[in-house]
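Chain residues, written in single-letter form:
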Amino acid sequence: MSGNRGKVLVAVVGVSLSALFLWLAVRNADLDAVRHTLADARLGFILLAVLALGVGYGFQAARWQRIADAPGLRLGSFYGMLLGGLACNNVLPVRIGELLRAGWLSRDAPMPGGRAFGSVVLDRICDVVTLTVFFAIGLQAVASAEWLVRLAVGAVLAVVVIAIALVLARVYSSRLAPRVGGSPRGRLVKILRDTVEMLGEPIGRRHAATWLALTVCTWTLSSLAAALVARSLGIDLSPLEAVFVTSALALGVAIPSSPGYIGTYQWLGVAALGVLDIPVEQALAFSILMQASWYVPTTLAGGAFVVLRVVRGKPVHEPDPELG
């Protein structure tokens, strides 16, 4: 019962935050002008943006494949699991898609559930670190604004926390784990121990460079998609401005809103483009089209992946006993 109550509470909080941010995004906008702006958008640029995002997810899947180090699985499997996780994140609160793709990896590889989850954590860490750097670079394109400084400080603090966590995991893995020995009791304890040991493993320079290159490719393509969507509305974003807007949107969706970051995404789009002196109507239209460019394809393709697993008789919600 307590688990169900927790899910209800999370859903209520998520929907409430989405409603609040959606109101903040539209309160000063002429919605009729927004509708006309959307109607005049050039479809060709939007389709190119969708293509760029799709290729970007391919780079992300390739990165996760290298992090997970599961020789038995091809890139296509990682691409499908990634899209399936994104689809679940799009419609469910608390980013449950990350847990699900860890479970799918654990079952399909196969590997311990904790190591599979650790690979997903490392995958997301790559994004946070790279986006923080992108955001710092993109700040050069905008005038000074207090909320931007606060967001930048928050992003830097997040990177520091991640670095500390990885150092502690490394200390545990190299010094404490050998002393503990034996099999830990309890499913959750085993998962946590495997996850920490995965995070604590040393990362070679070649691996780190490969992960970084793939992550930069992923978010560079996302920035290109943002520039293309903006161009469809007659907005000319410089490369630096596109990087800024993309990183602000991507870092901002860490806010636990639901479903599908609706509201949060619109507020972030309006706020980010607002400091670039883009009218609120165009900014709101941009955020709607930008979200649709990734939300619709990932929900459809990822949903198809989840349905295919069900048809094949593979569990979706409890894909691995350790993560069940």
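Residues numbered from 1 in each chain as written. Predicted model: local features only at pLDDT ≥ 70, side-chain atom pairs only at ≥ 80, totals over all residues. Heavy atoms only, no water.

Describing the overall build of the chain
For step 1, the next point in the chain: Helix and strand counts for the chain stand at twelve helices and zero strands.
For step 2, the next point in the chain: Walking the chain from its N terminus toward its C terminus, one meets helices and strands in the order α-α-α-α-α-α-α-α-α-α-α-α.
For step 3, the next point in the chain: When the 324 residues of the chain are sorted by exposure, 44% land in the buried category.
For step 4, the next point in the chain: Look at the contacts in the chain between residues 6 or more apart in sequence, and 76% of them connect residues 24 or more apart.
For step 5, the next point in the chain: By element, 67% of the accessible surface of the chain is carried by carbon and sulfur atoms, the whole surface being about 16,100 Å². (Helix = DSSP H or I, 4+ residues; strand = E, 2+ residues; numbered from the N terminus. Buried < 20%, exposed > 50% of the residue type's maximum accessible area, 1.4 Å probe, protein only. Contact = heavy atoms within 4.5 Å. Areas by Shrake-Rupley, 256 points an atom, 1.4 Å probe, with all protein chains shown as cover.)

Brief notes about a nonpolar patch on the surface
For step 1, the next point in the chain: On the surface, a cluster of nonpolar side chains totalling about 300 Å² of accessible area is made up of Val91, Leu92, Ile96 and Leu99.
For step 2, the next point in the chain: Assignment of secondary structure puts Ile96 in helix 5 (residues 96-108).
For step 3, the next point in the chain: A residue is classified by how much of its surface remains accessible, and Ile96, at 31% relative accessible area, is partly exposed. (Patch = residues over 30% accessible without salt bridge, like charges linked within 9 Å, V, L, I, M, F, W, Y side chains within 5 Å. Salt bridge = Lys/Arg side-chain N within 4 Å of Asp/Glu carboxyl O.)

Focus: the environment of Leu51
For step 1, the next point in the chain: Take Leu51: it is sitting in helix 3 (residues 43-68).
For step 2, the next point in the chain: Put simply, Leu51 and Leu221 are 170 residues apart on the chain and 9.4 Å apart in space, counted from C-alpha to C-alpha.

Observations concerning the side chain of Ser293
For step 1, the next point in the chain: Relative to the helices and strands, Ser293 resides in helix 12 (residues 280-311).
For step 2, the next point in the chain: A distance of 2.8 Å separates the side chain of Ser293 from the backbone oxygen of Leu289, its partner in a polar contact.
For step 3, the next point in the chain: Setting aside chain neighbours within four positions, we find Ser293 in contact with Ile46, Val50, Leu53 and Val229. (Polar contact = N/O pair within 3.5 Å; in protein donor to acceptor, adjacent residues only side chain to side chain.)

Comments concerning the packing of aromatic side chains
What characterises a pair of aromatic rings is the spacing of the ring centres plus the angle enclosed by the ring planes.
For step 1, the next point in the chain: A full pass over the atoms with the stated rule returns seven aromatic pairs.
For step 2, the next point in the chain: With 4.7 Å between their ring centres and 25 degrees between their planes, Phe21 and Trp267 make a pair best called stacked. Within this pair, whereas Phe21 is found in helix 1 (residues 2-26), its partner Trp267 is found in helix 11 (residues 264-274), the two being separated by 246 residues in sequence.
For step 3, the next point in the chain: For Phe21, a relative accessible area of 11% corresponds to the buried category.
For step 4, the next point in the chain: For Trp267, a relative accessible area of 27% translates into the label partly exposed.
For step 5, the next point in the chain: By way of ring pairs, the aromatic residues Tyr261, Tyr265, Trp294 and Tyr295 are connected into one cluster.
For step 6, the next point in the chain: Directly above the aromatic system of Trp64 lies the positively charged group of Arg101, at a separation of 4.5 Å from the ring centroid. (Phe/Tyr/Trp six-rings, centres within 6.5 Å; stacked < 30°, edge-to-face > 60°. Lys NZ or Arg CZ within 6 Å of the ring centre and 35° of its normal.)

A closer look at the pattern of salt bridges
For step 1, the next point in the chain: Tallied over the full model, the rule gives nine salt bridges.
For step 2, the next point in the chain: Of the charged contacts, one joins Glu98 and Arg101 as a salt bridge, the two residues approaching to 3.0 Å between their closest N and O atoms. Placement of the pair is Glu98 and Arg101 together in helix 5, with a separation of three residues, close to one helical turn. With respect to class, Glu98 is no different from Arg101; both count as buried.
For step 3, the next point in the chain: Asp123 is paired through a salt bridge with Arg101; the nearest N and O atoms lie 2.9 Å apart. Residue Asp123 is located in helix 6 (residues 113-138), and its partner Arg101 is located in helix 5; the two are separated by 22 residues in the primary sequence.
For step 4, the next point in the chain: Here the residues in one salt-bridge network are Arg63, Glu98, Arg101, Asp123, Arg124 and Asp127, joined through shared partners.

Description of the nonpolar core
For step 1, the next point in the chain: Ranked by internal contacts, the top residues of the largest apolar core, which has 66 residues, are Phe78, Leu105 and Phe286.
For step 2, the next point in the chain: Looking at this core, the elements with two or more residues in it are helix 3, helix 4 (75-91), helix 5, helix 6, helix 9 (205-232), helix 10 (239-252), helix 11 and helix 12.
For step 3, the next point in the chain: The biggest single contributor to this core is helix 12, with nine residues.
For step 4, the next point in the chain: If near-sequence neighbours (up to four positions away) are discounted, Leu105 is found in contact with Trp64, Ala68, Leu73, Phe78, Met81, Pro110, Met111, Ala116 and Ser119.
For step 5, the next point in the chain: Judged by nonpolar contacts, the second largest core, of five residues, contains Ile67, Ile125, Cys126 and Trp211. (Core = buried A, V, L, I, M, F, W, Y, C linked by side-chain atoms within 4.5 Å.)

So, the packing of helix 4 against helix 12
For step 1, the next point in the chain: Their axes nearest at 7 Å, the elements helix 4 and helix 12 cross at an angle of 115 degrees. The handedness of the crossing between helix 4 and helix 12 comes out as left-handed. Judged by residue contacts, Gly80, Met81, Leu83, Gly84, Leu86, Ala87, Cys88, Asn90 and Val91 of helix 4 engage Trp294, Tyr295, Thr298, Thr299, Ala301, Gly302, Gly303, Phe305 and Val306 from helix 12.
For step 2, the next point in the chain: By residue class, the composition of the contact of helix 4 with helix 12 is eleven nonpolar, seven polar and no charged. (Axes fitted to C-alpha atoms, helices over the stretch in contact; angles between N-to-C directions. Left-handed = near helix turned anticlockwise from the far one by under 90°. Nonpolar A, V, L, I, M, F, W, Y, C, P; charged D, E, K, R; others polar.)

Quick notes on the packing of helix 2 (residues 31-39) against helix 12
For step 1, the next point in the chain: Contact pair helix 2 / helix 12: the axes reach a minimum separation of 9 Å and the direction vectors enclose 55 degrees. Taken together, the axes of helix 2 and helix 12 are oblique relative to one another. Seen along the crossing, helix 2 lies across helix 12 with a hand that is right-handed. Contacts from Leu31, Ala33, Val34, Thr37 and Leu38 in helix 2 reach Glu281, Gln282, Leu284, Ala285, Ile288 and Leu289 in helix 12. (Parallel < 35°, antiparallel > 145°, perpendicular 65-115°, else oblique.)

Notes on unusual backbone geometry
For step 1, the next point in the chain: Look at the link from Ala109 to Pro110: it is a cis peptide, with omega at -15 degrees.
For step 2, the next point in the chain: Of note in the backbone geometry, Asp69 takes a positive phi value of approximately 55 degrees without being a glycine.
For step 3, the next point in the chain: Among the secondary structure elements, Asp69 is positioned in the loop between helix 3 and helix 4.
For step 4, the next point in the chain: For Asp69, a relative accessible area of 59% puts it in the exposed group.
For step 5, the next point in the chain: Here Asp277, not a glycine, exhibits a phi torsion of approximately 65 degrees, which is positive.
For step 6, the next point in the chain: Secondary-structure assignment places Asp277 in the loop between helix 11 and helix 12.
For step 7, the next point in the chain: The exposure class of Asp277 is exposed, given its relative accessible area of 68%.

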